[in-house]
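# Descriptive analysis of the structure
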Amino acid sequence: MTHVEDELSSQPECWIRAAQRAAVHADALPAAGERVAIVGCGTSFFMAQAAAVLRERSGQGETDAFAASEFPAGRSYDRVVALTRSGTTTEVLELLGRLRGHTRTTAVTADPRTPVMRSADEVVVLDFADERSVVQTRFATTALTLLRAHLGLHGDAVVADARTALDTPLPEGLVGCAQFTFLGRGWTVGLANEAALKMREASLAWTESYPAMEYRHGPISVTTRGTATWMLGEAPEGLAEQVRGTGGLWVGGGLDPLAELVRAQRLAVAVAAARGLDPDRPRHLTRSVILGD
């Protein structure tokens, strides 16, 4: 079993622990009414996208998401939350350094022995969700679970769906597809972006992601026999029939969207195996991007 397989299989237990810790870390996480930005790089940026929509739509306050390198200079926030598994990513540390003394910052990380512990005003450590793999799975979903639980949006059904996602076979013919498109709506757009990233990282697959309503505005033109379109969350009316009409394979998201992401992680590993690739050694990638001067 690869590190990725082992780590993605442990997600239900990690989510339970994160949900239990949400109350403990409540003071370090955004309070209702605060104007908040959530930042990250790569996978963490996509989790930030999902968390920002969840928070704002739950009525907790205006919430934006940015890649750490694209944080808008001069914009005012009550708090900036940085998601960083490694705690060493250059863009995140530089941003936290610029914000010090001006904006309250919170970092959510997996490793308490890293520079982010000194860079943020407050730190939440999810060391039980740390990973050996380059390709992120359980830390990302565990960090998002922490934020969902803090918003009161996590329940036992989410964990049950994650276990179903791990135990249920992938749809027949899916692994053999040549191209994959992931779709989302609202907070699941970030999950769709992350699912596509997992496919590219682990299996070098041709993969795209879009807001579901945007899919008809051009991207559906590549859908045909041998391609797959996977919806995370509730699909727009008529879209499944339209995809099937192209000859493409439609995969509906029947589970909690975060559990659907677990299924997509499994798909990435399965496609990698089918192509003779090692998902623990993704091409041109390292566990953390640390830039020199």
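Below is a short write-up of the structure. In this text the structure is predicted, and so the values were computed from the model without any measurement. Numbers given for residues are sequential positions, taken from 1 along each chain in its written order. Only residues with pLDDT of at least 70 are given local features in this predicted model, and only at 80 or more are side-chain atom pairs given and counted; all residues enter the totals for whole chains, interfaces and linings. The side-chain values count all of the structure's non-hydrogen atoms but skip hydrogen atoms and water molecules.

Bringing the nonpolar core into the picture now. Residues grouped as a nonpolar core are buried Ala, Val, Leu, Ile, Met, Phe, Trp, Tyr and Cys residues, joined through side-chain atoms within 4.5 Å. For each residue, the accessible area found with a 1.4 Å probe, counting protein chains only, is set against the maximum for its type, and the residue is called buried under 20%, exposed over 50%, and partly exposed in between. Counting residues in hydrophobic clusters, the biggest one holds 65 residues, and the most contacted among them are V108, L144, F180, F182, L191 and L267. Of all the elements, helix 10 (residues 257-274) adds the most residues to this core, at 9 residues. By size, the runner-up hydrophobic cluster in this structure holds 15 residues, among which are F66, A82, V92 and L95. A helix here means a DSSP run of H or I that spans at least four residues, while a strand means a run of E at least two residues long, and both kinds are numbered starting from the N terminus.

Pairing between strand 6 (residues 179-184) and strand 7 (residues 206-211): 6 bridges, direction parallel. Paired with F180 across the bridge in strand 7 is T207. For the handedness criterion, the strands are oriented away from the viewer, and a crossover whose path from the first strand over the helix to the second runs clockwise is classed as right-handed. In this fold, strand 6 hands off to helix 8 (residues 188-203), which returns the chain to strand 7; that crossover is right-handed. In this analysis, strands are considered paired if DSSP registers two or more bridges between them.

Right, let's talk about the sheet that holds strand 7 for a bit. Strand order in this open sheet of 4 strands is 7-6-8-9, and the pairing throughout is parallel. Either end of the sheet is taken by a strand with one partner, and the two such strands are strand 7 and strand 9 (249-251). Across this sheet, the average inter-strand angle for adjacent strands is 20°, counted without regard to direction. Of the strand pairs in this sheet, strand 6 and strand 8 (residues 227-232) are connected by 6 bridges, and their pairing is parallel. Counterpart to F182 in the pairing with strand 8 is W230. Running at roughly 155° to strand 8, helix 10 makes contact with strand 6, strand 8 and strand 9 of the sheet. Working convention: axes come from line fits to C-alpha atoms, limited for helices to the stretch in contact. Angles between N-to-C directions cover 0 to 180 degrees. Contact definition: two residues touch when any of their heavy atoms are within 4.5 Å.

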